[in-house]
Amino acid sequence: QVQLVESGGGLVQAGGSLTLSCTTSGRTFSAYAMGWFRQALGKEREFVAIIIWDGGNTDYADAVTGRFTISRDNGKNTMYLQMNSLKPEDTAVYYCAAARALVAGPEESLYEYWGQGTQVTVSS
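Residues numbered from 1 in each chain as written. Predicted model: local features only at pLDDT ≥ 70, side-chain atom pairs only at ≥ 80, totals over all residues. Heavy atoms only, no water.

So what exactly am I meant to see when it comes to unusual backbone geometry here?
For residues besides glycine, phi is generally negative; the peptide bonds are generally trans as well. For N77, which is not a glycine, the phi torsion comes out positive at approximately 55°. Looking at the element boundaries, N77 is found in the loop between β7 (68-73) and β8 (78-83). Note on N77: relative accessible area 19%, which makes it buried. You will see that S85, though not glycine, has its phi angle at about 50°, which is positive. Looking at the secondary structure, you find S85 in the loop between β8 and β9 (92-99). Owing to a relative accessible area of 41%, S85 belongs among the partly exposed residues under this scheme. (Helix = DSSP H or I, 4+ residues; strand = E, 2+ residues; numbered from the N terminus. Buried < 20%, exposed > 50% of the residue type's maximum accessible area, 1.4 Å probe, protein only.)

Structure representation (structure tokens):
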């Protein structure tokens, strides 16, 4: 069983920055592809960014490309999402997720483990 805990959410003005962290339990963090997803109020959860097991490849949703950066530190069992130039439309609950595979795509069904989410609110 893998437990994921997100942190770093909060309230920020448009144009500002936040860094989210996702810390995992267990000793096999490096065996999982990881991802960030988000769900705005009244909307479906959507893909934000993914990173393969060693951080060697990443992918981003078009809406965040160029503004967000996903990274991971396998020595610390932690994944990060650096969010810059935030917009009000980035307001959502952000979830981290782990796939029991070294490489995984953006489909939610590939991710077996999920955190409880952290709220990000961007004011205009």
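Could you clarify how one ought to interpret the pattern of salt bridges in this entry?
Oppositely charged side chains may form a pair once their charged atoms are brought near each other. Using the criterion set out here, one finds five salt bridges in the structure. Two residues, R38 and E46, come together in a salt bridge whose shortest N-O distance is 2.7 Å. In this structure, E112 and R100 form a salt bridge, with 2.7 Å as the shortest nitrogen-oxygen distance. Remark: R100 occurs in the loop between β9 and β10 (113-114) and E112 occurs in the loop between β9 and β10; sequence separation between them is twelve residues. (Salt bridge = Lys/Arg side-chain N within 4 Å of Asp/Glu carboxyl O.)

Such coordinate-based values are descriptive only and should not be taken to indicate function.
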